[in-house]
Protein chains: 2
Amino acid sequence: MENESARETGSSVSPKRRELREKVIESIATTMDLYGVNHSFGQLYGIMYFEDRPMTLEEMKDYMNMSKSNMSYAVRALTESQMIYKLDEKKDRKDQYIAETDFFHTFRSFFGAKLQREVDVMLSSIREVTPDLSEIVLAQQTTPEEREQALRDLHKLQHAEQYYMWLQGFVDRLRDGDPFFGTEASQSGEKEKEAGR
Amino acid sequence: MENESARETGSSVSPKRRELREKVIESIATTMDLYGVNHSFGQLYGIMYFEDRPMTLEEMKDYMNMSKSNMSYAVRALTESQMIYKLDEKKDRKDQYIAETDFFHTFRSFFGAKLQREVDVMLSSIREVTPDLSEIVLAQQTTPEEREQALRDLHKLQHAEQYYMWLQGFVDRLRDGDPFFGTEASQSGEKEKEAGR
DNA sequence: TCCGTTTTTCAAAAAAAATTGAACATAGAG
DNA sequence: CTCTATGTTCAATTTTTTTTGAAAAACGGA
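What you are looking at is a predicted structure, and each value in this text was computed from that prediction instead of being measured.

*Asks:* Before we move on, could you go through the protein's contact with DNA strand D and cite the residues and values that matter?
*Replies:* The environment of DNA strand D is made up of 19 residues, and the closest members are Asn38, Ser40 and Ser67 of chain A together with Arg76 and Asp95 of chain B. Within the side chain of Ser72 of chain B, one N or O atom sits 3.0 Å away from a phosphate oxygen of DNA strand D. The contact in question runs from a base nitrogen of DNA strand D to an N or O atom on the side chain of Tyr73 of chain B, over 3.0 Å. Taken together, the elements giving at least two residues each to the surface near DNA strand D come down to α3 (39-51) and α5 (68-80) of chain A together with α5 (68-80) of chain B. In terms of residue class, the surface near DNA strand D is built from five nonpolar, eight polar and six charged.

*Asks:* Residues and numbers for the pattern of salt bridges, please.
*Replies:* Tallied over the full model, the rule gives 34 salt bridges over all chains. Lys23 of chain B is the partner of Glu19 of chain B in a salt bridge, and the nearest nitrogen-oxygen pair spans 3.9 Å. Taken together, the positions of Glu19 of chain B and Lys23 of chain B, both in helix α2 (residues 15-34) and four residues apart, correspond to about one turn of that helix. Across the salt bridge formed by Lys61 of chain B and Asp62 of chain B, the nearest N and O atoms sit 3.5 Å from each other. The network of salt bridges with shared partners includes Arg17, Arg21, Glu51, Arg53 and Glu59 of chain A together with Glu146 and Asp153 of chain B.

*Asks:* Explain the protein's contact with DNA strand C to me, and be specific about the residues and the numbers.
*Replies:* With respect to spatial proximity, 20 residues lie near DNA strand C, and among them Ser72, Arg76 and Asp95 of chain A together with Ser40 and Ser67 of chain B are the closest. Considering the 4 Å shell around the protein, atoms of DNA strand C inside it are sugar or phosphate in 64% of instances. Ser67 of chain B places a main-chain nitrogen or oxygen 2.8 Å from a phosphate oxygen of DNA strand C. Elements with a minimum of two residues in the surface near DNA strand C: α5 of chain A together with α3 (39-51) and α5 of chain B. Take the surface near DNA strand C: its biggest share by element is five residues, from α5 of chain A. Class assignment of the residues belonging to the surface near DNA strand C gives a composition of five nonpolar, eight polar and seven charged.

*Asks:* Lay out the packing of aromatic side chains in plain terms, naming residues and giving numbers.
*Replies:* Think of a pair of aromatic rings as described by two things: how far the centres are apart, and how the planes are tilted against each other in angle. On inspection of all chains with the given rule, the structure shows 34 aromatic pairs over all chains. Between Phe170 of chain A and Phe107 of chain B the ring centres are 5.5 Å apart and the planes differ by 80 degrees, which places this aromatic pair in the edge-to-face class. With one member in each of two chains, Phe170 of chain A in helix α7 (residues 144-176) and Phe107 of chain B in helix α6 (residues 103-138) form a pair that bridges those chains. There is no split in this pair, since Phe170 of chain A and Phe107 of chain B are both buried. Ring centres of Tyr45 of chain B and Tyr49 of chain B lie 6.3 Å apart, and the angle between their planes is 35 degrees; on these two criteria the pair is classed as tilted. Placement of the pair is Tyr45 of chain B and Tyr49 of chain B together in helix α3, with a separation of four residues, close to one helical turn. For Tyr45 of chain B, a relative accessible area of 1% corresponds to the buried category. Across the ring face of Tyr49 of chain B, the terminal group of Lys156 of chain A is positioned such that the distance to the ring centre comes to 5.6 Å.

*Asks:* Could you give me a rundown of the environment of Met64 of chain A, with the residues and numbers involved?
*Replies:* Relative to the helices and strands, Met64 of chain A resides in helix α4 (residues 57-64). Once you skip the residues sitting within four places of it in the chain, Met64 of chain A turns out to touch Ser40, Gln43, Leu44, Ile47 and Met71 of chain A.

*Asks:* Explain the relation of the copies chain A and chain B to me, using residue names and the numbers behind them.
*Replies:* The transform that puts chain A on chain B rotates by 180 degrees and translates by 0.0 Å along the axis, for an RMSD of 0.2 Å. The superposition operator between the copies reduces to a two-fold rotation axis. A share of 100% of interface residues in chain A that are also interface residues in chain B marks the association as one of identical surfaces.

*Asks:* Tell me about the interface of chain A and chain B, and please be specific about residues and values.
*Replies:* Between chain A and chain B, the contact holds 60 residues from the first and 60 residues from the second. Summing both sides of the interface, chain A and chain B together bury roughly 5600 Å²; the carbon and sulfur share of this comes to 63%. Of all residues in chain A, the largest losses of buried area upon contact with chain B belong to Arg17, Lys156 and Trp166 of chain A, amounting jointly to 11% of the total for that side. There are 14 salt bridges connecting chain A and chain B. At the surface where chain A touches chain B, the tally comes to 29 residue pairs in polar contact (both at pLDDT 80 or more). Elements with a contribution of two residues or more to the side of chain A that touches chain B: α2 (15-34), α3, α6 (103-138), α7 and α8 (183-186) of chain A. With 17 residues, α7 of chain A is the largest single contributor of residues to the side of chain A that touches chain B.

Conventions used here
Residues numbered from 1 in each chain as written. Chains lettered and ligands numbered in written order. Predicted model: local features only at pLDDT ≥ 70, side-chain atom pairs only at ≥ 80, totals over all residues. Heavy atoms only, no water. Near = heavy atom within 4 Å. Polar contact = N/O pair within 3.5 Å; in protein donor to acceptor, adjacent residues only side chain to side chain. Helix = DSSP H or I, 4+ residues; strand = E, 2+ residues; numbered from the N terminus. Nonpolar A, V, L, I, M, F, W, Y, C, P; charged D, E, K, R; others polar. Salt bridge = Lys/Arg side-chain N within 4 Å of Asp/Glu carboxyl O. Phe/Tyr/Trp six-rings, centres within 6.5 Å; stacked < 30°, edge-to-face > 60°. Buried < 20%, exposed > 50% of the residue type's maximum accessible area, 1.4 Å probe, protein only. Lys NZ or Arg CZ within 6 Å of the ring centre and 35° of its normal. Contact = heavy atoms within 4.5 Å. Least-squares fit on C-alpha atoms with pLDDT ≥ 70 in both. Buried area = accessible area lost by both parts, 1.4 Å probe.

Written out as structure tokens, the structure is:
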């Protein structure tokens, strides 16, 4: 099986070029780190980004020198934010995954997912709290001091709610690839983008 | 000094309203967590967001029940991403900090800083690696197989560079508050934004 | 269906990040 | 300038996250 993985590791990479790749892979991992992604998972994405062909958990494990179980966690995380995709067909019973190599796409899906989560969490708590706060403001027995402060809090939440409604629109446009974002300028290789999976 | 902090804690917050604030503060911390911000630092921002007046390290320490040294780290992190500002004037020798309460502004400065860092890291390594890769492609002694692969890597980096140049423009527009982003719709209270520091 | 293999889950171990107290540095009042 | 209190840094501790190996579950070929 050590043999098999060597055979399947695909096109062998010269030492010099491996070193060059590693520099970029490390930067990719560092950047993803910035946004709270596990550094190793970022490295794995970097590897798959260059490999640019379907990989199995076993191959990942070999490249990364890590347990297959950790690779299982990694592909789950990367799949959830659509940085990689699971192919429909297995290869000798093994699941195959391929990296999204279009950074503009990863940008959209990664931040789309994160920001959507943010909007959901924040709007939900804002809307949970607002009625109670209104009640404090409106209640007869509330002291003027407390009323004034509750009103300030309420207005802050109203402002925040406005913001999050705007952000929801932003997320929607982000996901749809609204021309709004000026994406065309960046994407010369647009045509082949959605094909290769 | 226990006394002093009680006196200076500002407007006292009723238990019910404290509970409501805490729900929102927790959501804020959770969201910031999403982007790799220390959860406690996120809570601190939430506290300051509601408090909406200058606070000293000592007050933070009391609110958070944490060491002053940790608060020092927290304000540094929050200041760097411009979620809070240090005031020019001290209060009884103590530095004062105030939260940015306009979420659209925090959105811009937070992601502006993160994305700028990403662009810098990535462009720097892409540009470091590209010449060496070109050399491999061009060298006489390179095998056809290796040349083909090096060329693939090179093209990937060229595509990535294009993306990061686009992203640099995005960051610039984000920071300038380009109308492009549809910010106006969200910002009713724009005028007083830059005043209070 | 059964069997061999791959994938996922779980609890424990290892590694990394957050937090602290103490030492040091800085600042500003007197 | 000196003295005292605040702010920062550092090394050590605590807490959390990451990683692992083993066990359970899911899968697919025969």
